[in-house]
Amino acid sequence: MRLLSSVRTFLSYMFHRHHIEGEMDEEFRSHLKNRAADLERQGLSRAEAERQARIEFGGYEKYKEECRETLGTRLLQEFVADIRYGLRQLRRSPVLTGQFCATIAIGMGAATALVSLMLALGYQPLPYRDPGRLVAIWERVEAGESVAAISGPDLRDFADTTHTIYAVLGGFAVPQVWLVDRRGVAQVRACYIEASVFSNLGIRPVLGRGVRPDDEPLVGNSAAAPAWISYRLWQTRYGSSPSVIGATIGIASSAAGLDKLPVRIAGVLPHGVSIPLPFMENRADVWYLLSPAIVARSRESSVFFGLGRLRPGVSVVQAQAALTVGAERLGQRYSFDKRKRPVVESLEAIAQAPARQTVGVLALGVSLVFLVGCVNLAMLMGAEGRRRRREIAIRAALGAGRRRLWYEVASEKCLLTLLSLALGVAFASGLLRLLARLVPAAGLGPALPHPPPLNLAVLVGFAAFSLAAALAWSALLVAAADGPGSSRTLASAGGGLGYTGLSDSGPRASRWRLIMLAAQAGIGTCLLAAAALTARTYTMLSAANLGPEPRRTVLLSVSPRDNMALLTDAQATDFNQQVLSRLSRLPGTRAIAEAELFPPPGFPMSFVKRGDAPGTTREANSPVSVSPGYFRTLGISILFGRGFNETDNSGGERVAIISLDMAESNWGAPQQAVGSEIAFGSKHRNHYKIIGVAANFTGYWSQMPIPTVYLPQAQSGNWCAEVILRTAASPRAVATLAPEVLAGMAIPATIADVSTMQARWQATLTRPLARMAGMLLLALLGLGLSVQGVYAVAAGTVAARRHELAVRSALGAPAGRLVWNVTRELVFAVVVGAGLGVAAVLELRPLLEHWLGQVAVWQVGPIAAAVVMLALAAGAGCYFPARTAARANPVEVLRQG
Amino acid sequence: MDAQARILPGTLDLLILKAVSLGRLHGYGILLRIGQISKGALVIEQGALYPALFRLVRQGLLKAEWGLSDNNQRAKFYELTAAGRKRLREETDGWNRLVAAIGTALKAGPEEA
């Protein structure tokens, strides 16, 4: 009840404040009149009676305050007064207020938006149950080497020794097998999987059933074991027919299908389910349970990848440690390859690795912008402190309590901070919406269903940090002004020759300001340099040689619909020629070619030249089969020798064309390569005569040329998956008409992935583009804040030295010299800071190269531009106030204090 | 020696309640009534009366309304509420017990130690 009464009184006061205050005044006046009337009746004059009545009454305002206090409104009154005071102070210095607001709003807004987006992207779950605890396990011989599979016994031993770490630890293998059914034979990727892995991932079939405890693995002598097929295979091979469930198909290890084992289709897996390792792009089409016999193969047979689910509360680091200990123990027991070390990685971390590179670059940018914001705020607070110190000291000297002063200053600072935070939230919200729209275009992931919410933890963190900083700063300001040095501060308030504002213009403060200035310049330079590197990387990547008319060069993946594994060399050649012949009839075709793979693969291969000493090996990339028109279609010049022609067929001499860089690095002069003979393949048994040297084909993965060996398709017998077609017609028309012209072939063909050279190329650029855009945005924000901060600190420094300049001016120093002295010092600090920034970027370069790739190249231009811009800001910040101060009337300046 | 005494802390509320229990009064009237019933023995700083009045009204022990005083001036008059009457009885009893206890304690001789 009492609480209710208090609230009622408080609310009543809030809404009827003027009325209540008026009544209070009237009651007090009535008292004074009554008392004065009594005193008058006792013989005092009216004036004397009124005076005496006021004296007897005591402190009029004091009792009013006490009355308010009984109403529980004092705090409210003070709060309102403090807010008004704060608003007055903010209005008095609009530039400082604007700078403060802009710094917090931009710094907090940009950081919150980017962090929110990163977290939203980072938490895109893998399509498996509770993916956060899933880890992949494999082995590496040396750190940095590519991963190796694990043997079944090793995996079993790992599972036995680490059962306290892993709730489930199972393995899977992904062999190529031949699927044999009434439609024929087709090579497919299979996934032998332990039942534990199936349940571990939480995969539930869309048709048919899941794994049962009594399900048999695929072994030689069993009845038809259950198998699960992919959604894709169900659609393309079985026409999405539900009757496929229960059908028996054969799985063979060779194209002949002699050793085929029967499996019964038990279910169809959901769309998009793939081999549970994100880096393995090959999608499995048939899944069946792993035979214990395969698991029990020798330790030399490393065919498994481990997949584990960590027990709750166990980290990846702990899992790695446990596995390492287990492996060492096993290493003592078994002699096989003790150099191998098991590696545990979070499945989510692997999946998100590409996005994390982008996120890493942006996180660096966000941190630098945040740092710039903090330095800016520190400088602004310093400037504010100089401005307010005297005022607070005077008020303290007049009797204002330290707590009261702190309330006032803190209210002002909190008001300003809240205003800035509100602006920051609005800015962050807008920026996040914009960034969320760019996510799919930037290749950072699928389109987000809704713009992600601003991360509450980040917002609260920023708000708490800013408010705590505001409160701490207020306390420092009051303590500095009302502390032991307040008399000195007061002395300076009077101005004149007694000015001793050591804290403003003393060597310590001056040094501090110079350090801040240098830090601003350094961080600004660092940001711009990082952005320049990102931009340079993008420019280099995007400057690819895509051949003539990349927008009209159409890439089509064409393959035999069935039985591709059964094609003989002659059939493959015939298939390729038919495809070329039919597609070349499309209206508008200017040039057409086929390639086994496009762009050429970057898999390393060793080769030898005829005449090399025994044991000599040379490095190139694995050969790619192409049709004769390949070089003409892509605009790759044959620099020496000749290109392929119709005579380079299966009956002719085995020939090859090599790229220029391969010729240059293996022969004294590239033209010498023509006519030479090279050998590669198994034990270097396949010999090829080099008939030509082609220009380098660069750009797709790297600006570095890839040493490439081209073989004529007619001799290699490989069917060529990629058709490259340059057309005068629209690419869309080609995509529409191509299936029609390929219809009715003896070996039916399917077409997939139709796109132009330009479009496919641009798809590879989205991630660097996202990095570049993000870094540029952050660099501009950071540089803007840096320039503003440098200007502010320069202007503040000159303002603090106003008296000194005035005195020197009065003593006869020329204005120009005074201006130069002040400006020189600050510009020097900026240049030193920028130099340190450049040094920091050099230190960060390995990290940036890790994120951006080896193509990042040092850029002088943007860094020089940043240094010049910051130096100009410092110069302008010094020059104008210094000129004004130097030209001002010294007497006036000293009098103003 | 000054015959007037400053009132004990915490007793102003009791005195106000007592004064108002004798009749509807405005602030200055309460001051005069306390002086009258204490025969001028108690000194109250005049302004200090009003925060106490505000507090008692807020506690629901007094109710206030504006009216005209004897000299035809607008003034705020205070009356005791039922809760105020009850509180006055309790406080008076408590005070009497306290005075009796302290009086007894002060009269104690060495034989009672």
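First, a word on what this report is: a plain description of the structure on this page. (Residues numbered from 1 in each chain as written. Chains lettered and ligands numbered in written order. Predicted model: local features only at pLDDT ≥ 70, side-chain atom pairs only at ≥ 80, totals over all residues. Heavy atoms only, no water.)

What about the overall build of chain A?
Looking only at helices and strands, chain A features 29 helices and 24 strands. Across the 897 residues that make up chain A, the buried fraction comes to 49%. Long-range pairs, those at least 24 residues apart, make up 79% of the contacts in chain A with a sequence separation of at least 6. Put simply, chain A shows about 41,200 Å² of open surface, and 59% of that area lies on carbon and sulfur atoms. (Helix = DSSP H or I, 4+ residues; strand = E, 2+ residues; numbered from the N terminus. Buried < 20%, exposed > 50% of the residue type's maximum accessible area, 1.4 Å probe, protein only. Contact = heavy atoms within 4.5 Å. Areas by Shrake-Rupley, 256 points an atom, 1.4 Å probe, with all protein chains shown as cover.)

Thoughts on the packing of helix α4 (residues 60-70) of chain A against helix α3 (residues 49-58) of chain B
Between α4 of chain A and α3 of chain B, whose axes approach to 8 Å, the crossing angle comes to 15°. Taken together, α4 of chain A and α3 of chain B sit at an angle that is classed as roughly parallel. In this structure, the crossing between α4 of chain A and α3 of chain B has a hand that is right-handed. On the side of α4 of chain A, the interface is formed by Y63, E66, C67 and T70 of chain A, while α3 of chain B contributes Y50, P51, F54, R55 and R58 of chain B. Here the residues of the contact of α4 of chain A with α3 of chain B sort into 5 nonpolar, 1 polar and 3 charged. (Axes fitted to C-alpha atoms, helices over the stretch in contact; angles between N-to-C directions. Parallel < 35°, antiparallel > 145°, perpendicular 65-115°, else oblique. Left-handed = near helix turned anticlockwise from the far one by under 90°. Nonpolar A, V, L, I, M, F, W, Y, C, P; charged D, E, K, R; others polar.)

Concerning the side chain of K413 of chain A
Residue and element names in this part refer to chain A. Among the structural elements, K413 can be located in helix α14 (residues 402-441). A distance of 3.4 Å separates the side chain of K413 from the side chain of E412, its partner in a polar contact. Once residues lying within four places of it in the same chain are set aside, the contact partners of K413 are E384, R388, A470, W473 and S474. (Polar contact = N/O pair within 3.5 Å; in protein donor to acceptor, adjacent residues only side chain to side chain.)

A few points about α4 of chain A
Each α-helix winds once per 3.6 residues, and so residues spaced three or four apart point in a common direction. Y63, K64, C67, R68 and T70 of chain A are the residues of α4 of chain A that are buried. Angular distribution of buried residues about the axis of α4 of chain A spans 160°; they occupy a single face of the element. (Arc of directions from axis to C-beta.)

Remarks on the interface of chain A and chain B
Tallying the contact residues gives 24 residues for chain A and 22 residues for chain B. In this assembly, chain A packs against chain B so that about 2,200 Å² is buried in total across both faces, 50% of it on carbon and sulfur atoms. Looking only at chain A, the three residues that lose the most surface to chain B are E27, H31 and T70 of chain A, adding up to 29% of its buried area. For the pair chain A and chain B, the interface holds 2 salt bridges. Salt-bridge contacts for E26 of chain A lead to R74 of chain B; the nearest nitrogen and oxygen are separated by 2.7 Å. If you look at where chain A meets chain B, you find 10 residue pairs in polar contact (both at pLDDT 80 or more). Those elements that place two or more of their residues in the side of chain A that touches chain B are α1 (2-15), α2 (17-41), α3 (46-57) and α4 of chain A. (Buried area = accessible area lost by both parts, 1.4 Å probe. Salt bridge = Lys/Arg side-chain N within 4 Å of Asp/Glu carboxyl O.)

Some points on the packing of aromatic side chains
How two aromatic rings sit relative to each other is given by the distance of their centres and the angle of their planes. As enumerated under the stated definition, the model contains 11 aromatic pairs over all chains in all. Seen in terms of ring centroids, Y231 of chain A and W234 of chain A are 5.5 Å apart; in terms of plane orientation they differ by 70°. Their pairing is edge-to-face. Here Y231 of chain A pairs with W234 of chain A, and both are found in helix α9 (residues 231-236), just 3 residues apart, close to one helical turn. Under the relative-accessibility criterion, Y231 of chain A is labelled partly exposed at 24%. Here W234 of chain A falls in the buried class, since its relative accessible area comes to 10%. Taking 5.4 Å as the distance between ring centres and 90° as the angle between the ring planes, the aromatic pair formed by Y630 of chain A and F631 of chain A counts as edge-to-face. This pair shows no difference in class: Y630 of chain A is buried, exactly as F631 of chain A is. Each residue in the set F28, F57, Y60 and Y63 of chain A together with Y50 of chain B is aromatic and connected to the rest through ring pairs, giving one cluster. Directly above the ring of W66 of chain B sits R74 of chain B, whose terminal nitrogen or CZ lies 4.3 Å from the centroid. (Phe/Tyr/Trp six-rings, centres within 6.5 Å; stacked < 30°, edge-to-face > 60°. Lys NZ or Arg CZ within 6 Å of the ring centre and 35° of its normal.)

Some details on the nonpolar core
All names here are of chain A. The biggest cluster of nonpolar side chains holds 76 residues, and the ones touching the most others in it are F100, L517, V790 and V830. Within the residue set of this core, elements represented by two or more residues are α6 (94-122), α13 (353-397), α14, α15 (456-482), α18 (507-542), α25 (766-800), α27 (815-852) and α28 (861-887). Residues contacting F100, with those up to four places away along its chain left out, are L377, L380, M381, L416, T417 and S420. (Core = buried A, V, L, I, M, F, W, Y, C linked by side-chain atoms within 4.5 Å.)

Let's talk about the sheet that holds strand β2 (residues 25-26) of chain B
Residues and elements named next belong to chain B. Pairing is antiparallel in the open sheet, where 3 strands are placed in the order β2-β5-β4. Edge positions in the sheet fall to β2 and β4 (62-68), since each has one partner strand and no second. Bridge count between β4 and strand β5 (residues 74-80): 7 bridges; the pairing is antiparallel. Bridge pairing in β5 links K63 to E79. Along the sheet, α3 contacts β4 and β5; its crossing angle with β4, the most-contacted strand, is approximately 120°. (Pairing = 2+ DSSP bridges.)

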